[in-house]
Amino acid sequence: MNADSIITSAFSGLHQTDNIEQVSEILDRFGLRWSVSKQPLFLPDGEETPYLAVVRDDNKQVFTTCKAGYTPYQNSELAELLVRISEKTGYDIHSGGIFNGGGKVYIQLSTGNEIADLGKNRTKVKGYVTGINGHDGTTSLKWGSVNFTICCENTFAAARGSLQNTARHTNSIHDRVETSIREIVSVTKVEQTIFDTFIKLSEIPATKDNIKAIVKSVTGVDVDTPRSKAEDIYSTYAVNRSGEMLQSIGSEMAVKGETLWGLFSGVTHYTSHVMPTPKRENARLESKYVGNGANIDNDVYESIVKMARI
């Protein structure tokens, strides 16, 4: 493949071309210089089906199947989206990469905002804007604020604002992106709201009932049930998960304080470091951004905010 065809392929889906140099640097830096395409699927007898395969063009990996209305959103377009957000906000490109062989890709900006000295152990929380796109049919294009807790490498995508912008892979995807870029100032407001909530949670004591309620909401296990009876009522898997979550909560509250912030940090510690995930590269981070870990974090966050009556 010659240089012209490589460049054409890398930027085949790019609708805005004002930032080609920056986009190119991002694609190279994070291993995203490849595109996806829709390829027809045929029956064994050669008859064409109404379905298409979403294929990674450089290594021919098939991510999923789709119909004609599906519109791929290329890595170059995701990079362009984050570059344009960066231009409007002044945020710097921070990180990027792939999940599951490229089935999902992400690029992250650092907002430069942070909370220092949060809670008993003076935790530092930093703000980021993250864009995630799924080529495997498991997630739409998403972008918004996430927060990263330095002390134990927990990522948290808050349900009430983070990754709040979404666009399905249809013909209108680019119009949806354009509209949201014009409204990107809302990201900074969302982030400040999340940070304010963290501060309030760090000042509110957590009760034993709060802890029991959170563990039960995630695992389904009533931790007051005697072990001998619990094994008859619940699966071994559920009992083990409840015990692991309690350990994470206990260890985090010991260093961050016996507060709702400590309780929430215990849950994010569990989803970040303990909860079982598939045995593949970046599986835990994938879970935290768009999988079961993210769902648990988001649901628990909402529950704890209600407990705090914020």
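Described in the following lines is the structure provided in the data block.

Of note in this structure, Asn-100 is not a glycine but carries a positive phi near 55 degrees. Its place among the elements puts Asn-100 in the loop between strand E4 (92-99) and strand E5 (104-118). At Asn-282, a position not held by glycine, the phi torsion is positive, near 60 degrees. In this fold, Asn-282 is placed in the loop between helix H9 (260-274) and helix H10 (283-290). Of the residues examined, Asn-282 reaches a relative accessible area of 32% and is grouped as partly exposed.

Attention now moves to the pairing of E4. Pairing analysis gives 7 bridges linking E4 to E5, with the strands arranged antiparallel. Residue Gly-97 lies in a different strand from E5, and its bridge partner there is Tyr-106. The turn linking E4 back onto E5 is made up of 4 residues, and Asn-100 within it adopts a positive phi angle of 55 degrees.

All right, on to the nonpolar core then. With 29 residues, the main nonpolar core has Phe-198, Ile-249, Leu-263, Phe-264 and Ile-304 as its most contacted residues. Sorting the residues of this core by element identifies E5, helix H5 (185-201), helix H6 (208-219), helix H8 (236-256), H9 and helix H11 (292-308) as the ones contributing at least two each. Contact partners of Leu-263, with chain neighbours within four places excluded, come to Ala-206, Asn-210, Ile-211, Ile-214, Ile-249, Met-253 and Ile-304. By size, the runner-up hydrophobic cluster in this structure holds 26 residues, among which are Val-36, Tyr-70, Tyr-73 and Ile-85.

Here we come to the packing of aromatic side chains. Going through the model one piece at a time under the given rule, you end up with 8 aromatic pairs. Seen in terms of ring centroids, Phe-198 and Trp-261 are 5.0 Å apart; in terms of plane orientation they differ by 50 degrees. Their pairing is tilted. Pair noted here: Phe-198 is in helix H5 and Trp-261 is in helix H9, with a separation of 63 residues, a long-range link. Taken individually, Phe-198 and Trp-261 each receive the classification buried, so the pair is uniform in this respect. Of the aromatic side chains, those joined through ring pairs into one cluster are Phe-198, Trp-261, Phe-264 and Tyr-301. We note Arg-56 situated over the ring of Trp-34; from NZ or CZ to the ring centre the distance is 4.0 Å. Here Arg-241 stacks its cationic end above the ring of Tyr-237, 4.4 Å away from the centre of that ring.

A few words now on the side chain of Ser-272. Its place among the elements puts Ser-272 in helix H9. Side chain to side chain, Ser-272 and Lys-288 meet in a polar contact 3.2 Å long.

Further remarks concern helix H3 (residues 75-89). With 15 residues, H3 ought to run about 21 Å at 1.5 Å a step, and its terminal C-alpha atoms sit 21 Å apart, in line with that. With 12 of 15 residues buried, H3 lies mostly within the body of the structure. Taken together, the buried positions of H3 are Asn-75, Ser-76, Glu-77, Leu-78, Ala-79, Glu-80, Leu-81, Leu-82, Val-83, Arg-84, Ile-85 and Ser-86.

We now examine the pattern of salt bridges. In total, this model carries 12 salt bridges according to the counting rule given. Put simply, Arg-56 and Asp-58 hold a salt bridge, and the shortest N to O gap is 2.7 Å. With relative accessibility at 11%, the residue Arg-56 sits in the buried group. Where Lys-256 meets Glu-252, a salt bridge forms, and the shortest distance between an N and an O atom there is 3.1 Å. Within this pair, Lys-256 and its partner Glu-252 are both found in helix H8, separated by 4 residues, close to a single helical turn. Both residues of the pair, Lys-256 and Glu-252, belong to the buried class. Connected through salt bridges with shared partners, the residues Lys-104, Asp-136, Arg-280 and Glu-286 form a single ionic network.

How each quantity is defined
Residues numbered from 1 in each chain as written. Predicted model: local features only at pLDDT ≥ 70, side-chain atom pairs only at ≥ 80, totals over all residues. Heavy atoms only, no water. Helix = DSSP H or I, 4+ residues; strand = E, 2+ residues; numbered from the N terminus. Buried < 20%, exposed > 50% of the residue type's maximum accessible area, 1.4 Å probe, protein only. Pairing = 2+ DSSP bridges. Core = buried A, V, L, I, M, F, W, Y, C linked by side-chain atoms within 4.5 Å. Contact = heavy atoms within 4.5 Å. Phe/Tyr/Trp six-rings, centres within 6.5 Å; stacked < 30°, edge-to-face > 60°. Lys NZ or Arg CZ within 6 Å of the ring centre and 35° of its normal. Polar contact = N/O pair within 3.5 Å; in protein donor to acceptor, adjacent residues only side chain to side chain. Expected span 1.5 Å × (residues − 1). Salt bridge = Lys/Arg side-chain N within 4 Å of Asp/Glu carboxyl O.

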